[in-house]
Amino acid sequence: MIPNVAPAPADQAQPTTAADLRKTRRQGAPKKFTGSKLFGSFGSIAGVAWLAVLVAASLTAPLWLPFKTEDQDFTAVLSGPTAAHWLGTDELGRDLLSRIFASAAGTLGTSIITVIVAVGLGTLLAMLAAAAGERVENAVSRVTEIMMSLPGTVIILAVIGAVGTNIPMIMGILGVLISAGIYRVMLGQAKSLQSQLYVDAAKVDGVSTAGISLRHVLPGLTNTIVVQAALIFAVGMLIQAGLAFIGFGPPIPQPSWGGMIQGASQHVYDAPWMMVPTGAGLALTVLSANAIGNALGKAPNATASHLPSAAARRQRAKAVATIASAAPAPVTQDGVAKGTLSVRNLSVGVDSTGAGSGVRLVTDVSFDVEQGTVLGLVGESGCGKTMTALSLLGLLPSGVSVTGGQILWNGRNLAATTDKAMETVRGRDIALISQEPMRALDPMFTVGYQLTATIRRLRGMGKAEAREEARNLLEKVGIVDAARILKTYPHQISGGMAQRVAIALALAGQPKLLVADEPTTALDVTVQAEILSLLRSLVTDTGMSVVMVTHDLGVVADICDQVAVMYAGQVVENGRTDSILDNPRHPYTLALLAADPHANHANDMPERLATIQGQVPQPKDWPTGCRFAARCQFAGSACLEPVPLLPSGAGEGLVRCVKADQLAVEGMDWLATDVPAARALEITPTQNPRSLQTIVEKDLA
Amino acid sequence: MEVTMALFITKRLLMALATVLVVAVLAFLLVHAMPGSPGAVSLGAGASQQAIDEVNQRMGWNDPLPAQFFTWLGSAVQGDLGVSLIDGRSVSADLASRLPVTASLAAGATVLSAVLGIGLGVTAAVRGGVVDRIIGGVAGMAVALPAFWIGIIFVYLLAVQSSVFPATGYVPFESSPQDWALSLALPVITLAVGGGAFIARQTRASMLEALQQEHIRTLRATATPTWKILYVHALRYASLPIVAGIALQFIQLFGGSVIAEQLFAMPGLGQAVQNSVSTHDAPSVQGVVVIATVVVVAVNLVLELATKFLDPKLRAS
């Protein structure tokens, strides 16, 4: 009956191991408490209202209650609701309504003792452990571990044996027992706050440990403190009522909720009504506290699921059907070469239900990939490259879907293909390798199991044959001791090795097209080169094509035949790699090249490396005109109009810039300095790039 | 690896032993703080001071505290927890007869909670939408309802209104397995309402977290069928927190049995602790505290071993 761990809010998984606690360290600073969430849901509004009514009614009880708690009405013993006794009476004819409200204040008040002790002590210990370093943390954690492995209920009963039914005292000791659970919930957050850069800065400034804890850590914990307080309040009430139920409540005849329910349980045969009012009152109060805690503790926005729920899949199927009916029937030309991908006017957006509904993430993107060639999708983070790439496999995260356009694979429109039907395409025709190989492999299964299961599924092989093929594949991707690697779990191999395994996994179904989402970004530089050369040789050997998402122009120069430069959800320039690298036509491409230390040759390395001021605008802030204008050194008033993608004049290349021709003629370079006044044209950016000031303020908040 | 495993188990066993010892000391001190000396309690009101003193002297009540503790500990490790001050019966024998009652109650409630909780939690996470909201609402309600109140409602509905189950009492397994099951039904269902809701929430959250992992996308990219992603890969990933939640529930239900035993008049450990606390029967209280601690510590030990077995990262290191 006594929870050994503080209850976590319903939608947050509880950290169960020390490893989980450590993991939280990487997250950003927890949010400060804001009251607005309290009134964000019906449940919490109702909860606040009920608690307010209860407290007010209970405190003013002597003024308005129709009966005293010990008044006995022998004409109405064990009665149901009547005009005189609205909620009925008990076995001595005492008025239930009066007894419930008269005893509410005591129940609520003593439960608050548990809250103060549990949350106060738990928070203090967590702040101490976070501030005082590993040794203290280990000691405190060990003690709380022991506290949490105690049989709480029995210990509380033994305490009652020693001190009697001194309820405030018992609720205080209960708080001490619960504080161990609170400590575990708080520790991760306190440590994460303690490791923030501004805390380091404060330390350098000579702020004392206690000062840091009070000024920087405690404010960040307020939301969790309030959430836990609400939940522990509920726990306290339940336990207190439970104790009174088994006879350890306030002395008779003083009423208590648990005692009244105990009384009702004696009359379940002759007066079943009696259990209803008190039980419902207690349940409502506990429910209210829980509702408040859960509303405050709701994580603002969880990471999207990689496998949408059944309900979400049904919605997506509807969206696919809409696209299928809206798009012109794919022209299945007999002439379409095997293994060609044509993306036509692809748009991706956030679904209409949920947060940020209707925001466009990718608009009007078109490109082609011929068999055996490599296309690079280049741009900064937040330009829609990954969304474009994932849409090729129909693997957009939950809540995001294709809103228009066509993805023609061998003439078949994948954008209008159901998820079920996509299962015949994924792995067999189009495969995926992703950025973080460690996270792309299932940590719970061996490399061998993951590979053989995939090979058996995609190639219909038997177990032994698949095992052999798995070894072949690993050797093909350059793993020498394949037999050993097959037996390992993903965490036992290095990042580069894991990426080779991930590539082997992608090759398991002998795909014709490989979608590679920044496959080298998370790897060491030397390993990057190895993986790239592996991919290059796979393209030559197998004749498959590759869509390579990258922000690294070195990778583009190394491996790509064609390039599509993306900015803010659009293709701004595309064409052959050599012509784009040698002769960029769009200012953004120009800027990317000027900002890349590797793209500049050693002899003409500029003194200062160029930068691109500001950031890629958020999708909701995209202007109607040129989306790059706010950051462009060459922007002018003409850039406020929507810009079409037009032939750039260099081969079959296209460019989306009204000034492309002019810039080509004048041969302007992206300057390494700040935008000169003469060139800064009367463009007002729709959204000011976040200045350092705001970043600092945000972090301090 | 064998050696490290043995080392790990040894370390954990020592830790568990230390916990039990700490609790034993704590219980000993608490019991000593109880009002009334053993003589006064066992002889009852109206006994002469001389008789009381005599009993106290015989029981070693006047010895120094450490000496008393070690005497108790010496017999406790041999399985002798002393005699009850109230009826003079052996505490060990009494608790041994009560342990199966509480154990069947807690185990039954845990199994039912786990089945209900995992089933509903997985369903909520997998189906989403309206189903998820309904299960979430019901689970939110169920964790807030006090077990003793739910119990009375069940008694009213299933024992009084329609006599499906007996309302109170306990039938030992040896006398009639069928009646044993029937006598456990109501208390088990009562405890499983809150327990099941807790595990359902834990399962739902763990499943959703599992489905957010990037390897789920890899599985989809290699055309793994949805059922396999959900019930082999995601459930396997979620199994660690779910198992931890179930172990936690067992411990809580073991404590929660105090209430169920009171409500359904079952002769278990909970009833023993309640009686002995009311009557200031020091040896009995101390005995129950130690037994309950051993059970809880043992469950935690099993959980830790299970976690080590389930998590490849821990298994290898």
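These remarks concern the structure in this document. (Residues numbered from 1 in each chain as written. Chains lettered and ligands numbered in written order. Predicted model: local features only at pLDDT ≥ 70, side-chain atom pairs only at ≥ 80, totals over all residues. Heavy atoms only, no water.)

As for empty space enclosed by the protein
All names here are of chain A. Going by this rule: As defined here, a cavity is a set of points on a 1 Å grid over the protein atoms alone where a 1.4 Å probe fits but cannot get out. A pocket is an open set with protein on both sides within 12 Å along at least five of seven lines, and residues line them when an atom is within 4 Å of a point. Grid points are joined across faces, edges and corners, and a volume is the space filled by probe spheres set on the points. Helix numbers and strand numbers start at the N terminus; a helix is a DSSP run of H or I with at least 4 residues, a strand a run of E with at least 2.
By the definition in use, this model includes 13 cavities of 30 Å³ or more. Put simply, the second largest cavity is a space of about 210 Å³. For the second largest cavity, the lining is made up of 17 residues, of which R316, V320, G394, V402 and A415 are closest to its centre. Elements with a minimum of two residues in the lining of the second largest cavity: helix 12 (310-326), strand 4 (400-409) and helix 14 (419-422). The element contributing the most residues to the lining of the second largest cavity is helix 12, with 4 residues.

Some points on the pairing of strand 6 (residues 430-433) of chain A
One face of the sheet, then the other: side chains in a regular strand alternate in exactly this way. Residues and elements named next belong to chain A. Short version of the rule: Burial here depends on accessible area, computed with a 1.4 Å probe over protein chains only, as a share of the maximum for the residue type. Under 20% is buried, over 50% is exposed, and the range in between is partly exposed. Between any two strands, at least two bridges found by DSSP are needed for them to pair.
Side chains I430 and L432 project from strand 6 onto one buried face, and the interleaved A431 and I433 project onto a second face that is buried too. Both strand 6 and strand 7 (residues 513-517) contribute to a ladder of 4 bridges, which runs parallel. By the bridge assignment for strand 7, A431 is matched with L514.

Here's the deal with the interface of chain A and chain B
How big an interface is tends to be stated in terms of the accessible area lost upon association of its parts. Defined as follows: Residue contacts follow a heavy-atom distance rule, with two residues in contact if any of their heavy atoms lie within 4.5 Å. When two parts are brought into contact, each loses some accessible area as probed by a 1.4 Å sphere; the total of that loss over both is the buried area. We count a salt bridge whenever a side-chain nitrogen from Lys or Arg sits within 4 Å of a carboxyl oxygen from Asp or Glu. What qualifies as a polar contact is a pair of N or O atoms within 3.5 Å, subject to a donor-acceptor requirement within protein and to the restriction that residues adjacent in sequence count only when both atoms come from side chains.
Contact with chain A, which involves 90 residues of that partner, is made by 86 residues of chain B. Carbon and sulfur atoms make up 68% of the surface buried where chain A meets chain B, a total of about 7400 Å² over both sides. Considering only the surface of chain A that becomes buried against chain B, H306, L307 and M444 of chain A emerge as the three largest contributors, covering 10% of it. Counting across the interface, chain A meets chain B through 2 salt bridges. Its salt-bridge partner being R220 of chain B, residue D419 of chain A comes within 2.9 Å of it at the nearest N-O pair. Viewed at the interface, chain B and chain A are joined by 18 residue pairs in polar contact (both at pLDDT 80 or more). For the side of chain A that touches chain B, the element with the most residues is helix 11 (residues 275-297) of chain A, which contributes 10 residues.

Structural notes on the packing of helix 11 of chain A against helix 6 (residues 129-144) of chain B
Definition in use: The axes used here are C-alpha line fits, helices contributing only the stretch in contact, and every angle between their N-to-C directions lies in the interval 0 to 180 degrees. By the definition adopted for this analysis, an angle is roughly parallel if under 35 degrees, roughly antiparallel if over 145, roughly perpendicular if from 65 to 115, and oblique otherwise. Here a crossing is taken to be left-handed if its near helix is turned anticlockwise relative to the far helix by less than a right angle, and right-handed if that turn runs clockwise.
Here helix 11 of chain A crosses helix 6 of chain B at 120°, and the two axes come no closer than 8 Å. Relative to helix 6 of chain B, the element helix 11 of chain A is oriented oblique. In this structure, helix 11 of chain A crosses over helix 6 of chain B, and the sense of that crossing is right-handed. Facing A283, V286, L287 and N290 of chain A of helix 11 of chain A, the residues of helix 6 of chain B in contact are G140, M141, V143 and A144 of chain B.

A word on the pattern of salt bridges
Taken as a whole and judged by the stated rule, the model has 24 salt bridges over all chains. Its salt-bridge partner being R500 of chain A, residue E530 of chain A comes within 2.8 Å of it at the nearest N-O pair. You can see E530 of chain A sitting in helix 20 (residues 525-542) and its partner R500 of chain A sitting in helix 19 (residues 495-507), a full 30 residues away along the chain. Take E530 of chain A: its relative accessible area is 39%, and that puts it in the partly exposed class. A relative accessible area of 13% places R500 of chain A in the buried class. D132 of chain B is the partner of R204 of chain B in a salt bridge, and the nearest nitrogen-oxygen pair spans 2.7 Å. Within this pair, whereas R204 of chain B is found in helix 8 (residues 177-211), its partner D132 of chain B is found in helix 6, the two being separated by 72 residues in sequence.

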